Amino acid sequence: MMPADTALMRMSAVPVSDVAHSAAAVHIWMVRPDGGDMGLLSDAERERVARIASPTQRKRLIARRTAIRRILAALVGTDPAEPILERRCERCGRHHPVPLPQTGGTPLFWSSSSAADLLVVATGVRQLGVDVEPVDRTGAWAAVARRYFTTPEVAAIGPSAWRFADFWTLKEALLKAQGVGVLGGLDRLCCTTLGRDTGGWLATPDHPQWKLRRLTVAPGIACALAVDAPPDVPGALVETMWFTIPGREASCPPHSGPGADR
Ligand SMILES: CC(C)(COP(=O)(O)OP(=O)(O)OC[C@H]1O[C@@H](n2cnc3c(N)ncnc32)[C@H](O)[C@@H]1OP(=O)(O)O)[C@@H](O)C(=O)NCCC(=O)NCCS
Ligand SMILES: [Zn+2]
């Protein structure tokens, strides 16, 4: 297994179907979806598309769902139109990701997040959540931080829009991994309690079952990943790699350094 930090920087055009998910792996798929195929979408996805008034947003949703379907179907070895990706949530009535059955019995967990035309999909054999958030240069984030973040977090953020986006993605990644979304409470994770674990992962005594890490995806965009990895599972067991959809050029290569103002 390659060290996590080296793995983070790896960009490969390995065909999706060549990627076998082991207990050790979380894979990060970074895509700029262009176009899409309505024919691959489920009835629920089509209904969702039909409810969107903006043609741009409609196109984005179709492209996003098509890309997610292509990645996940290749991983589990089915046709992209086939997998049931989501289930209606009893709490909020929307559809949320469900794990996909795989040959061999271990389900494939997935989570996605998008910002503008960047889509990030995380896959693995443990419950996980991924979130991306553009750094907000308008300053509007400060009121959100004061309203929803803990006092130590507000102090740690200070005037940094980047740090706000960083904390936001860490919180949302965990909330998605736990399947509760923002309704689970932005104060569920206090980011100032996060300390270094193994292999670049972060751990907090408040959620000993989970590990988090920051990912570098594109300039001006914060990204975080949360994985169900209890203390007896070494963080290094979770390996992160970058892939593109086969046949496509890597359109948004990860850069090797942190964001300019991080
Ligand atoms: C929906 C939410 C989790 C992420 O929204 P966001 O940051 O605007 O958008 P992102 O691109 O980062 O993530 C969206 C993806 O999160 C996933 N998602 C939505 N709700 C989720 C949940 N409760 N748990 C896990 N994943 C969820 C979906 O796959 C969605 O993808 P889609 O838009 O292609 O359908 C968050 O905004 C939210 O929780 N909003 C309030 C509504 C809410 O709390 N819903 C859940 C209640 S159970
Ligand atoms: Zn819900």
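Treat the numbers as computed from the prediction; the structure is a model and nothing was measured.

Structural notes on the overall build of the chain
- Scanning the chain from terminus to terminus reveals six helices and twelve strands.
- For the chain, with 262 residues in total, the buried portion stands at 38%.
- Sequence separation of 24 or more characterises 60% of the internal contacts of the chain that already satisfy a separation of 6 or more.

Brief notes about the confidence of the model for the chain
- Summarising the model, the chain shows a mean pLDDT of 82, and 79% of its residues fall at 70 or more.
- Note on residues 1-15: pLDDT is under 50 here. Beyond four places in sequence and across chains, it has 30 contacts.
- Per-residue pLDDT stays below 50 along residues 246-262; that stretch engages in 27 contacts with residues further than four places along the chain or on separate chains.

Quick notes on the site of ligand 1
- Around ligand 1 sit 19 residues in total, of which Cys92, Ser113, Gly181, Val182 and Leu183 are the nearest.
- Every element with two or more residues in the shell around ligand 1 is listed here: β4 (95-97), β5 (109-115) and α6 (161-177).
- Grouping the amino acids of the shell around ligand 1 by side-chain chemistry returns six nonpolar, seven polar and six charged.

Section: the environment of Gly129
- Mapped onto the elements, Gly129 comes out in strand β7 (residues 128-134).
- When the C-alpha atoms of Gly129 and Ala173 are compared, they prove to be 4.6 Å apart, with 44 residues separating the residues in sequence.
- If we skip the residues at most four places from it in the chain, Gly129 touches Ser111, Ala173, Leu174, Leu175, Lys176, Ala177 and Ala226.

Notes on the environment of Gly124
- Among the structural elements, Gly124 can be located in strand β6 (residues 118-124).
- Each C-alpha atom of the pair Gly124 and Pro107 lies 8.6 Å from the other, and the pair is 17 residues apart in sequence.

Considerations on the nonpolar core
- Ranked by internal contacts, the top residues of the largest apolar core, which has 59 residues, are Val120, Leu212, Leu225 and Ala226.
- Elements represented by at least two residues in this core include exactly β2 (25-31), α3 (55-76), β5, β6, β7, α6, β10 (210-214) and β11 (221-228).
- Sorting elements by how many residues they give to this core places α6 first, with ten residues.
- When sequence neighbours within four positions are dropped, the list of residues in contact with Leu212 reads Leu170, Ala173, Leu174, Leu194, Trp201, Leu202, Ala224, Leu225 and Ala226.

Looking at the sheet that holds β10
- Sheet architecture is open: five strands sit in the order β7-β11-β10-β9-β8, paired in antiparallel fashion. Each edge of the open sheet is held by one strand with a lone partner, namely β7 and β8 (195-196).
- With two bridges joining them, β8 and strand β9 (residues 202-203) adopt antiparallel strand pairing. Looking at the pairing, Arg196 lines up with Leu202 of β9.

Comments concerning the environment of Leu128
- Within the secondary structure layout, Leu128 lies in strand β7.
- With 49 residues separating them in the primary sequence, Leu128 and Ala177 have C-alpha atoms 4.3 Å apart.
- The contacts of Leu128, once residues within four sequence positions are left out, are Val26, Phe109, Ser111, Ala122, Ala177, Leu225, Ala226, Val227 and Asp228.

Looking at the pairing of β2
- Extensive coverage of β2 is indicated by the burial of six of its seven residues.
- Two elements, β2 and β6, share six bridges in a ladder whose sense is antiparallel. If you follow His27 over to β6, its bridge partner there is Thr123.

Observations concerning the packing of helix α2 (residues 43-51) against α3
- At their nearest, the axes of α2 and α3 sit 9 Å apart, and the two run at 160° to each other. Taken together, the axes of α2 and α3 lie roughly antiparallel to each other. Taken as a pair, α2 and α3 cross one another with a handedness that is right-handed. Seen from α2, the contacting residues are Glu45, Arg48 and Val49; seen from α3, they are Arg58, Leu61, Ile62 and Arg65.
- Of the residues contributing to the contact of α2 with α3, the split by class is three nonpolar, no polar and four charged.

So, how was this worked out
Residues numbered from 1 in each chain as written. Chains lettered and ligands numbered in written order. Predicted model: local features only at pLDDT ≥ 70, side-chain atom pairs only at ≥ 80, totals over all residues. Helix = DSSP H or I, 4+ residues; strand = E, 2+ residues; numbered from the N terminus. Buried ≥ 20, exposed ≤ 12 C-beta atoms within 10 Å, placed from the backbone. Contact = placed C-beta atoms within 7 Å. pLDDT = per-residue confidence, 0-100. Near = placed C-beta within 6 Å. Nonpolar A, V, L, I, M, F, W, Y, C, P; charged D, E, K, R; others polar. Core = buried A, V, L, I, M, F, W, Y, C linked by C-beta atoms within 7 Å. Pairing = 2+ DSSP bridges. Axes fitted to C-alpha atoms, helices over the stretch in contact; angles between N-to-C directions. Parallel < 35°, antiparallel > 145°, perpendicular 65-115°, else oblique. Left-handed = near helix turned anticlockwise from the far one by under 90°.

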